Amino acid sequence: MATQSKAGSGDFIDNLGRIYALYTGGFFAFVVVLAILEQLGVPNKFIGYGFVFLTIAVYALIGILSRTAEVGEYYVAGRRVPAFYNGMATGADWMSGASFVGMAGTLFLLGYDGLAFVLGWTGGYVLVAILIAPFLRKFGAYTVPDFFSERFGGNFARFLAVIVLICCSFTYVTAQIYATGIIASRFLDINFTVAVYVGLFGILLCSMLGGMKAVTWTQVAQYIVLIVAYLIPVIILSTKKYGIPIPQLTYGQALSDIASLEGQMAAKGLIATVKDAAGAVAVAKPHIKPFTTYDPLNYFALILCLMVGTASLPHILMRYFTTPSVREARSSVAWSLFFIFLLYFTAPAYAAFSKLEVYGLVAGGAKLSELPQWMFTYGNLGLVKVCGVDVKAAQDVIAACGKIAGHPGVLRFQDLAINPDVIVLSTPEIAGMPYVIAGLVAAGGLAAALSTADGLLLAIANALSHDIYYKMVNPNATTKTRLVVARILLVVVAIAAAYTASTKPADILSMVAWAFSLAAAGIFPALVMGIWWKRATTAGAVTGMILGFGICLYYLIGTRYFAVSFHEMWGWLGTASQAQLDTFAKLKQAWLAAPEAGKAAAYAALDRHAQSIASWWGVRNISCALFGLPVGFLSIWIVSMFTAAPSQAVQDMVDATRRPRGETIIKDKDAVVVGH
Amino acid sequence: MAAQGSLIAFVVMLFWFANRQDQIDREEGQAEDE
């Protein structure tokens, strides 16, 4: 659309405002044209094609226009991205498929407890701004591991940072490509595996030729698409229900309507209920009641881990390497959070409105033979279940519900299992909006997943090409070789991630939440101590990284994959009740006594139970950084005190990092513009 | 609403921090040249 200007020239930077205003106008016009086409009777399938292909084509065009042959442009976009636009790009980089597609879904299912994600994922930016970003910008690094190597003298610290970076980024990028595949297969009506590679192609077109520079300018474009796509459906719902187009204002009203519908459904026996102490019937999981899923310890532990994890994820930190100055790096973090806030502030309202629609459907007594069309659309993808079966054919559902004792024959809320990832995508259809809105939301979800995948792939590929290849394997490589290697590695990593995603690895997807704890435990202590404590030594940092990351990984893998032996070893630290311990003992007996043929099944039952009780002090494994962080900080402090202080040169360097004025610490011979 | 309020507080805090820190840098002669 409106990106004909030659990207990268001085003109482009000066005219950013006009170019992106034109682009936004063009996007609105495009949506209007598709809406008109829909009214004229163009089939939904073509509307879906229009959204998916045209938006990818625009991103690819920006990527191609931003191609570059300069190292500084490839790694840090020439360090001249203004704070405002870097904020927008960070917003898109940050808001993944998980934020766009999954956050409202998580809130829908968890209610109040889901807010831990909202708080953790935004509070982290306060840490980024105050503790990290301006200092890394002054440092003048190309990648996060660059800092580790320079501050903690040598390639061992660099290598450890690369390992942590790859561990947390790879699972994350796989999940993004998976989300792309889900959206593309739903709206292009193609096989999931094919859809994954279509998505991959889009991602590579954006990032391969122009590296960071291309990714920056596509991410700004993707942010605009995703925020428009997120706000429009909620605004329509809010206007339709309450006549006010500001969902945040009508959200309170929606919540009280939810509570009253919960009461109605409880009276009709259409929602799971519990009897309270006085014997009165109450809804088992009211939307607005705190701590129905997490206890307070886990709620606050999760917030802490998500905050610190956000402040340690390399693909976010490296965005602040691209601003023209330290001053702009700081205000860029503020802008980032502002743009993220626009979406997150709306997510709880999105969830509430969506829940209101579904509750309305259930409270109205939906007959099993007359389930709405959207349940079949997503049921066919295996994402909506009623009475435990995918909604594919009405008679299967009726048969499955018929087997449940005392089933009233109409849909009950507890019968319905919606995958949290489809709440946002399906809400326009649930609320009966025109298909063009569903297509718009899909384009937004695609933009969110693609932009994050781009940022992550670049972070991984740059760590491999800059840190491993250039700094450790072949320091004499020419600029040309470095860029060729960087691009080859980008493609290799992308294909590996797409292949992993195409196998639909359930484990990897649940591991994404682990990335935050892993990044927090592995990177945060050494990063913060390196900037804020001159006395931190190489030995201290290396020990802290290994122990912090190690204990986190041990806890994750132990409680997830070796839960039985973990429980047997650490049961005395756990919080299992006597009844749970008795069940464990009983299941263990059953497994030991089981005949050869039944061993595996008996062990699976034992393992499943063990996973629910294996813990230290009842902390869920998603919050394992609760152990990793203190261990990391303490071991850096203790080991540093026992080793000789860093040289005067290193201490002076740390001092210079804290002063915005002056040259960057790392001077690259072929960087285009470095600081002022 | 607590979570909604915290979001607003975070955003306001960051803009305030960016401006105030820059002001301090200028007073101390540590700010970058424009």
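Coordinates for the structure precede this section.
Just so you know, these numbers come straight off a predicted model, no measurement behind them.

> Any chance you could explain the overall build of chain A here in plain terms?
Scanning chain A from N- to C-terminus turns up 28 helices and five strands. Relative to the globule expectation of 26 Å for 676 residues, the C-alpha radius of gyration of chain A, 26 Å, shows essentially globular dimensions. Once the C-alpha set of chain A is aligned to its principal axes, its extents read approximately 75 × 70 × 45 Å. Looking at chain A residue by residue over its 676 residues, the buried ones come to 58%.

> What exactly am I supposed to notice about a nonpolar patch on the surface here?
On the surface, Val32, Val33, Ile36, Leu37 and Leu40 of chain A cluster together to form a nonpolar patch covering roughly 450 Å² of accessible area. Tracing the backbone shows Val32 of chain A in helix α2 (residues 16-39).

> Mind showing me how you'd approach the interface of chain B and chain A here?
Where the parts come together, the accessible area they lose is often given as the size of the interface. Contact with chain B, which involves 23 residues of that partner, is made by 30 residues of chain A. Surface buried jointly by chain B and chain A totals about 2500 Å² across both partners, of which 70% is contributed by carbon and sulfur atoms. Its largest share of buried area at the contact with chain A, chain B owes to Leu7, Leu14 and Glu32 of chain B, together 27% of the area lost on that side. Linking chain B to chain A there are two salt bridges. Its salt-bridge partner being Arg327 of chain A, residue Asp22 of chain B comes within 2.8 Å of it at the nearest N-O pair. On inspection of chain B and its partner chain A, the count reaches six residue pairs in polar contact (both at pLDDT 80 or more).

> Help me understand the packing of helix α5 (residues 83-94) of chain A against helix α20 (residues 435-473) of chain A, please; the structure alone is not making it clear to me.
Relative placement of two packed helices is described by the angle separating their axes and the distance separating the axes. Residues and elements named next belong to chain A. The contact between α5 and α20 brings their axes to 7 Å, and the two run at 100°. As far as their axial angle goes, α20 and α5 are roughly perpendicular. Contact residues: Ala92, Asp93 and Trp94 in α5; Ala448, Ser451, Thr452 and Gly455 in α20.

> What exactly am I supposed to notice about the packing of aromatic side chains here?
The geometry of two aromatic rings is summed up by the distance between their centres and the angle between their planes. Residues and elements named next belong to chain A. Summed over the entire model, instances satisfying the criterion amount to 47 aromatic pairs over all chains. Centre to centre, the rings of Trp335 and Phe338 are 5.8 Å apart; their planes meet at 85°, and the pair counts as edge-to-face. Taken together, the residues Trp335 and Phe338, both in helix α15 (residues 326-344) and three residues apart, mark about one turn of the helix. Residue class for Trp335 comes out partly exposed when judged on its relative accessible area of 26%. The class of Phe338 is partly exposed, set by a relative accessible area of 26%. Ring geometry for Tyr555 and Trp616: centres 4.9 Å apart, planes at 40°, overall tilted. Of this pair, Tyr555 sits in helix α23 (residues 538-561) while Trp616 sits in the loop between α26 (599-613) and α27 (625-642), placing them 61 residues apart in sequence. The pair Tyr555 / Trp616 is uniform in exposure class, with both members buried. The lysine or arginine in question, Arg482, covers the ring of Tyr470, its NZ or CZ lying 3.5 Å from the ring centre.

> Is there a simple way to think about the sheet that holds strand β4 (residues 389-390) of chain A in this case?
Two orientations exist for strands paired in a sheet by backbone hydrogen bonds: parallel and antiparallel. Residues and elements named next belong to chain A. In space, the three strands of this open sheet follow the order β4-β3-β5, with antiparallel pairing throughout. Looking at which strands have only one partner, the edges of the open sheet turn out to be β4 and β5 (416-418). Two elements, strand β3 (residues 384-386) and β4, share two bridges in a ladder whose sense is antiparallel. Considered in β4, the bridge of Lys385 is made with Asp390.

> Please explain the environment of Val473 of chain A as it appears in this structure.
Residue and element names in this part refer to chain A. Structurally, the position occupied by Val473 is in helix α20. Under the relative-accessibility criterion, Val473 is labelled exposed at 58%. Spatially, the C-alpha atoms of Val473 and Met208 are 22 Å apart, while their sequence positions differ by 265 residues.

> Would you mind showing me how to read the nonpolar core here?
Side chains of nonpolar character tend, in soluble globular proteins, to be buried together. Residue and element names in this part refer to chain A. Judged by nonpolar contacts, the single largest core of 240 residues is most densely connected at Trp94, Phe100, Phe148, Tyr344 and Val386. For this core, the leading source of residues is α20, giving 20 residues. In this structure, Trp94 is in contact with Ser99, Trp121, Tyr125, Tyr172, Thr310, Leu313, Ile316, Ile340, Tyr344, Thr452 and Phe516, ignoring residues within four places of it in sequence.

> Before we go on, may I ask you to explain the state of the cysteines in this structure?
Two cysteines form a disulfide when their sulfur atoms are joined by a covalent bond. Residues and elements named next belong to chain A. Under the definition given, this model contains two disulfides over all chains. What pairs with Cys387 in a disulfide is Cys401, and their sulfur atoms sit 1.9 Å apart. Because the sign of the S-S torsion sets the handedness, a value of about 95° for the bond joining Cys387 and Cys401 places this disulfide among the right-handed ones. On the criterion of sequence distance, the pair formed by Cys387 in the loop between β3 and β4 and Cys401 in helix α18 (residues 394-402) is long-range, its members being 14 residues apart. No difference in accessibility class separates Cys387 from Cys401, as the two residues are buried. The disulfide bridge from Cys552 ends at Cys624, spanning 2.3 Å between sulfur atoms. Looking down the S-S bond of the Cys552 and Cys624 bridge, the torsion is 50°, so its handedness is right-handed. Placement of Cys552 in helix α23 and of Cys624 in the loop between α26 and α27 is noted, with a sequence separation of 72 residues between them. Overall, Cys552 belongs to the buried group, its relative accessible area being 0%. By relative accessible area, which is 0% here, Cys624 ends up buried. Among the cysteines around Cys167, which has no disulfide bond, Cys168 carries the closest sulfur, lying 7.2 Å off.

> Would you mind going over the environment of Ile13 of chain A with me for this structure?
Residues and elements named next belong to chain A. Tracing the sequence through the fold places Ile13 in helix α1 (residues 10-14). On the basis of relative accessibility, which here comes to 22%, the residue Ile13 falls in the partly exposed class. Ile13 sits 202 residues away from Val215 along the chain, and the two C-alpha atoms are 15 Å apart. Dropping the residues within four chain positions of it, Ile13 is found in contact with Arg80 and Trp217.

Analysis parameters
- Residues numbered from 1 in each chain as written.
- Chains lettered and ligands numbered in written order.
- Predicted model: local features only at pLDDT ≥ 70, side-chain atom pairs only at ≥ 80, totals over all residues.
- Heavy atoms only, no water.
- Helix = DSSP H or I, 4+ residues; strand = E, 2+ residues; numbered from the N terminus.
- Rg over C-alpha atoms; globule rule 2.2 N^0.38 Å.
- Buried < 20%, exposed > 50% of the residue type's maximum accessible area, 1.4 Å probe, protein only.
- Patch = residues over 30% accessible without salt bridge, like charges linked within 9 Å, V, L, I, M, F, W, Y side chains within 5 Å.
- Areas by Shrake-Rupley, 256 points an atom, 1.4 Å probe, with all protein chains shown as cover.
- Salt bridge = Lys/Arg side-chain N within 4 Å of Asp/Glu carboxyl O.
- Contact = heavy atoms within 4.5 Å.
- Buried area = accessible area lost by both parts, 1.4 Å probe.
- Polar contact = N/O pair within 3.5 Å; in protein donor to acceptor, adjacent residues only side chain to side chain.
- Axes fitted to C-alpha atoms, helices over the stretch in contact; angles between N-to-C directions.
- Parallel < 35°, antiparallel > 145°, perpendicular 65-115°, else oblique.
- Phe/Tyr/Trp six-rings, centres within 6.5 Å; stacked < 30°, edge-to-face > 60°.
- Lys NZ or Arg CZ within 6 Å of the ring centre and 35° of its normal.
- Pairing = 2+ DSSP bridges.
- Core = buried A, V, L, I, M, F, W, Y, C linked by side-chain atoms within 4.5 Å.
- Disulfide = S-S within 2.5 Å.

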